[in-house]
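# A closer look at the structure
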Amino acid sequence: MIVGERKPLGDILDMIKDYKKVLVVGCKGCVTVCNVGGEKEVGILASSIRISRKKDGNEITVDERTLERQCDPEYVDQLKDIVSDYDAMVSIACGVGPQFLAERYPDAAVYPGINTQFMGGALEHGVWAERCQGCGACLVHNFGGHCPIARCSKSLLHGPCGGSSGGKCEISKDVDCVWHLIVEKLAKQGKMDSLRKLVPTKNWSTSRDGGPRKVVREDLKL
Amino acid sequence: MRLSYPTNVKVIQVPCTGRVDIIHLLKAIEEGADGVYVAGCLEGECHYLAGNLKAKKRVKYVKKVLEEIGMEPDRVEMFNMSSSEGPRFAAVAREMTEKIKALGPSPVRSNS
Amino acid sequence: MKAGSNLEKVLTAGIFAITGECGPPRGANAEVVREKAKFLKGNVDSVNVTDNQTAVVRMSSLGASLILIQEGVEPNLQMTARDRNRIAVQSDILGAYALGIRNMLCLSGDHQKFGDHPEAKNVFDLDSMQLIQTVKKMRDEGTLINGHKLDGAPKMFIGCAANPFADPFEFRVYRLANKIDAGADFVQTQCIYNLERFRKWVDQANDMGLLENVFLMGGVTPMKSVGMAKYMKNSVPGMDVPDEIIKRLQGVPKGDQAKEGIKIAVETIHQLREMKGIAGVHLMAIEWEERVPEIVEMAGMLPRPVL
Ligand code: SF4
Ligand code: SF4
């Protein structure tokens, strides 16, 4: 899923300081699963905003809506009759949400309420970690099922570097050295030989480096 | 045993403090409560295992929210007591009341 | 001869070689480099010039290398993959060669997290292994990564780093083997304080026949003080400083710690000389270049050959 973190409330309050009527828009996709942008969080953010503005004697109307998804026009469309009722919208979907809202409603003021972080998964309740960088040419099968692009701090295709220590990455004792995991896994599987092969330079053109990407599926187009 | 506790404390009963969510605490503040606290069972004695521990973390979260918007985090608190401890319940109610009185009325109420 | 650098000549002649190190200044003051060059000239066979080491911005490795050439000292240009993509990498190699540089040390580079610009975007288009391959391809095939034929191939003597003290230990010798396959002509290791672990690694390399195809130079850094030893032990990832070293430094009066540190370094050089498969030492006297002449002298490595 796409994992995000709530923006500091001060930042959000600052963005909407001039408005009197705001719609907080959540999303039932990834951000609901990672507890940052679902219906519940919409309620919490809306209430926090109201408390803050009441406290300052500058009341605001904050309404709440949570869409099925903000990354599909058909759901974004569902706001069409109410958008003009508001001075601004705060989207707490991933970064796609505020963009889709702004594209669909060109006259609306749209603000992002979360900081989108990465594609990853839950390690345990309340802990998420990065797993993929969307390089456009997946090669995890060559590395024991671990992604060195997203998980090695230097995206090394030949690791571990000289900073790998006790299974941890040189940047922090809180970060696993993925290359340590790769070596361990392949050693256990008796496949160390595969790490004696040199990996060609990566073609980054399939990644973000090649410019903004688009996927077209002719079979699905209407 | 009848114990007197400050009448300004409005008690809302829940089966377990694990049912108390962040939004409930925020709503109380939003509606103008000067303070709100959760009275849960002693740690390690939750009938549903970890309800009171969850409540504790949620209280902590709300404290952070208050801090971020410039309100006193002490307006939200968590207390633990055993269900048989009537006197402690009353004492906590008095303690919290004192604390909130010292902080003064909630700016949410006084400014709106 | 692949490049014909002095370092290559010394190593190929079978003479126990010694390289020094020069960290460029945090500023544009060329005098700092010239000053360091004085202590290195004639005392070592070639001098590594670090490339924004520990991700702290300094005068470029290329710039400082050229100053060394002006001072009559042969540089060994360090290049990391951290700050440049393959376009810049290849372009810099061509420029460096055109300006007289004949040795290169290919590194991945320390992550910028602990440098002086942790907000920087990192590049790592290539890694050290691919950097070695790139230089080799340019030198031996006279082409760029994309196969484009070069008008003038950069004939570099190609070096790489190895850290036998990083984890997982069992894999370290394979990584060395990969670097040799990639095209490394010489290898300089991380600073050696744990000789026992180093010996184990060298034994493995010898068993695999690796050291017949590459010149391995052991890294030596003299300790200035107990404080430095403790810092290296606790705060530098992939550094192995055994307690005995710290105890030994603690065992002498504060004023004598530097002397003791140098003594340890000299002893290490002697030990390395005795080891099968070791072709030389890489002396990294960090911000202590003025002590290089005496260390090399004490190690019995003077005068340096003129080939
Ligand atoms: S190799 Fe590429 S696509 Fe596969 S997990 Fe890593 S970044 Fe994602
Ligand atoms: S320590 Fe491991 S994860 Fe960190 S940069 Fe080095 S190889 Fe990558």
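Residues numbered from 1 in each chain as written. Chains lettered and ligands numbered in written order. Predicted model: local features only at pLDDT ≥ 70, side-chain atom pairs only at ≥ 80, totals over all residues. Heavy atoms only, no water.

What follows is about the sheet that holds strand E2 (residues 46-49) of chain C. Sheets are built from strands paired through backbone hydrogen bonds, the pairs being either parallel or antiparallel. Residues and elements named next belong to chain C. Strand order in the closed barrel made by the 8 strands is E1-E2-E3-E4-E5-E6-E7-E8, with parallel pairing throughout. Strand after strand, the sheet turns through a mean of 30° between neighbouring axes, direction not considered. Bridge count between strand E5 (residues 157-162) and strand E6 (residues 186-191): 4 bridges; the pairing is parallel. Across the sheet, residue Cys160 finds its bridge partner in E6, namely Val187. The sheet strands contacting helix H7 (residues 195-207) are E5, E6, strand E7 (215-220) and strand E8 (278-283), and the helix crosses E7 at an angle near 170°. (Pairing = 2+ DSSP bridges. Helix = DSSP H or I, 4+ residues; strand = E, 2+ residues; numbered from the N terminus. Axes fitted to C-alpha atoms, helices over the stretch in contact; angles between N-to-C directions. Contact = heavy atoms within 4.5 Å.)

Attention now goes to the interface of chain C and chain A. Contact residues are listed per partner, giving 30 residues for chain C and 26 residues for chain A. Between chain C and chain A lies a buried interface of about 2,500 Å² when both sides are counted; carbon and sulfur atoms form 55% of it. The largest share of the area that chain C buries against chain A comes from C:Gln130, C:Asp167 and C:Phe171, three residues that together contribute 20% of it. Linking chain C to chain A there are 1 salt bridge. Here A:Arg196 and C:Asp181 are joined by a salt bridge, their closest N and O atoms 2.9 Å apart. Where chain C touches chain A, the interface holds 19 residue pairs in polar contact (both at pLDDT 80 or more). Counting only elements with at least two residues in the side of chain C that touches chain A, the list comes to helix H5 (128-141) and helix H6 (169-182) of chain C. Examining the composition of the side of chain C that touches chain A, we find that 8 residues originate from one element, H6(C), more than from any other. Taken together, the residues of the side of chain C that touches chain A sort by class into 12 nonpolar, 9 polar and 9 charged. (Buried area = accessible area lost by both parts, 1.4 Å probe. Salt bridge = Lys/Arg side-chain N within 4 Å of Asp/Glu carboxyl O. Polar contact = N/O pair within 3.5 Å; in protein donor to acceptor, adjacent residues only side chain to side chain. Nonpolar A, V, L, I, M, F, W, Y, C, P; charged D, E, K, R; others polar.)

All right, on to the site of ligand 1 then. In the vicinity of ligand 1, the contacting residues are A:Arg131, A:Cys132, A:Gln133, A:Gly134, A:Cys135, A:Cys138, A:Leu139, A:Val140, A:Cys147 and A:Ile149. Each residue belonging to the shell around ligand 1 can be placed in one class, and the counts come to 7 nonpolar, 2 polar and 1 charged. (Near = heavy atom within 4 Å.)

If you trace the backbone, C:His111 turns up in the loop between strand E4 (103-107) and H5. Of the polar contacts made by the side chain of C:His111, one reaches the backbone nitrogen of C:Lys113; its length is 3.0 Å. Side chain to side chain, C:His111 and C:Asn122 meet in a polar contact 3.3 Å long. The contact partners of C:His111, leaving out residues within four places of it in the chain, are A:Ser153, A:Lys154, A:Glu170, A:Ile171, C:Ala55 and C:Asn122.

In this complex, chain A contributes 18 residues to the contact, which on the side of chain B involves 18 residues. The largest contributions to the chain A side of the interface with chain B come from A:Ile51, A:Lys54 and A:Lys55, which together make up 40% of the buried area. Inspection of the region where chain A meets chain B yields 3 salt bridges. Close ionic contact of B:Asp21 with A:Lys40 constitutes a salt bridge, the shortest N to O distance being 3.3 Å.

What follows covers the pairing of E4(C). Residues and elements named next belong to chain C. Along E4, 5 of the 5 residues are buried, which leaves the element largely enclosed by surrounding structure. Of the pairings in the sheet, the one linking strand E3 (residues 75-80) to E4 comprises 4 bridges and is parallel in character. Note that in E4 the partner of Thr80 across the bridge is Leu107. In this region the chain leaves E3, passes through helix H4 (residues 86-98) and returns to the parallel neighbour E4; the handedness of that crossover is right-handed. Pairing analysis gives 4 bridges linking E4 to E5, with the strands arranged parallel. In the sheet register, Asn103 faces E5, and the bridge partner there is Phe157. Tracing the backbone out of E4, into H5 and back to the parallel element E5 gives a crossover that is right-handed. (Buried < 20%, exposed > 50% of the residue type's maximum accessible area, 1.4 Å probe, protein only. Right-handed = clockwise from strand over helix to strand, strands pointing away.)

Ranked by internal contacts, the top residues of the largest apolar core, which has 71 residues, are C:Leu176, C:Phe198, C:Trp201 and C:Leu272. Residues in contact with C:Leu176, not counting those within four places in the same chain, are C:Ala162, C:Val187, C:Trp201, C:Ala205, C:Leu210 and C:Leu211. Grouped together as the second largest cluster of nonpolar side chains are 43 residues, A:Ile12, A:Cys34, B:Val20 and B:Leu25 included. (Core = buried A, V, L, I, M, F, W, Y, C linked by side-chain atoms within 4.5 Å.)

Moving on, we come to the sheet that holds strand E2 (residues 21-27) of chain A. Residue and element names in this part refer to chain A. On the basis of which strands lie adjacent, the open sheet formed by 4 strands has the order E3-E2-E4-E5 and parallel pairing. Of all strands in the sheet, those with a lone pairing partner are strand E3 (61-67) and strand E5 (110-112), marking the two edges. Across this sheet, the average inter-strand angle for adjacent strands is 25°, counted without regard to direction. Pairing analysis gives 4 bridges linking E2 to strand E4 (residues 88-91), with the strands arranged parallel. By the bridge assignment, Val22 is partnered in E4 with Ala88. The sheet contacts of helix H3 (residues 39-55) involve E2, E3 and E4, and relative to E3 the element is tilted by about 170°.

Turning to the side chain of C:Ser46, a few remarks are in order. All names here are of chain C. Along the chain, Ser46 turns up in strand E2. In terms of polar contacts, Ser46 uses its side chain to reach the backbone carbonyl oxygen of Glu74, at 3.2 Å. When residues no more than four places from it in sequence are discounted, the contact partners of Ser46 are Leu7, Ile18, Thr19, Gly20, Glu74, Pro75, Asn76 and Asn103.

All right, on to the state of the cysteines then. Residue and element names in this part refer to chain B. Summed over the entire model, instances satisfying the criterion amount to 0 disulfides over all chains. The thiol of Cys41 is not disulfide-bonded; the next cysteine sulfur, from Cys46, is found 6.2 Å away. Residue Cys41 is classed as partly exposed on the basis of its relative accessible area, which comes to 35%. This cysteine, Cys46, is not joined by any disulfide, and Cys16 carries the nearest cysteine sulfur, 4.0 Å off. (Disulfide = S-S within 2.5 Å.)

It is worth spelling out unusual backbone geometry at this point. For the bond running from A:Gly159 to A:Pro160, omega is -10°, close enough to zero to count as cis. In this structure, the amide linkage connecting C:Leu302 to the following residue, C:Pro303, adopts the cis form with an omega of -5°. Checked against the element boundaries, C:Pro303 lands in the segment after helix H11 (292-298). Backbone geometry places C:Asn52, a non-glycine residue, at a positive phi of 45°. One can find C:Asn52 in the loop between E2 and helix H3 (61-70). The class of C:Asn52 is buried, set by a relative accessible area of 16%. Non-glycine residue C:Thr54 carries a positive phi angle of around 55°.

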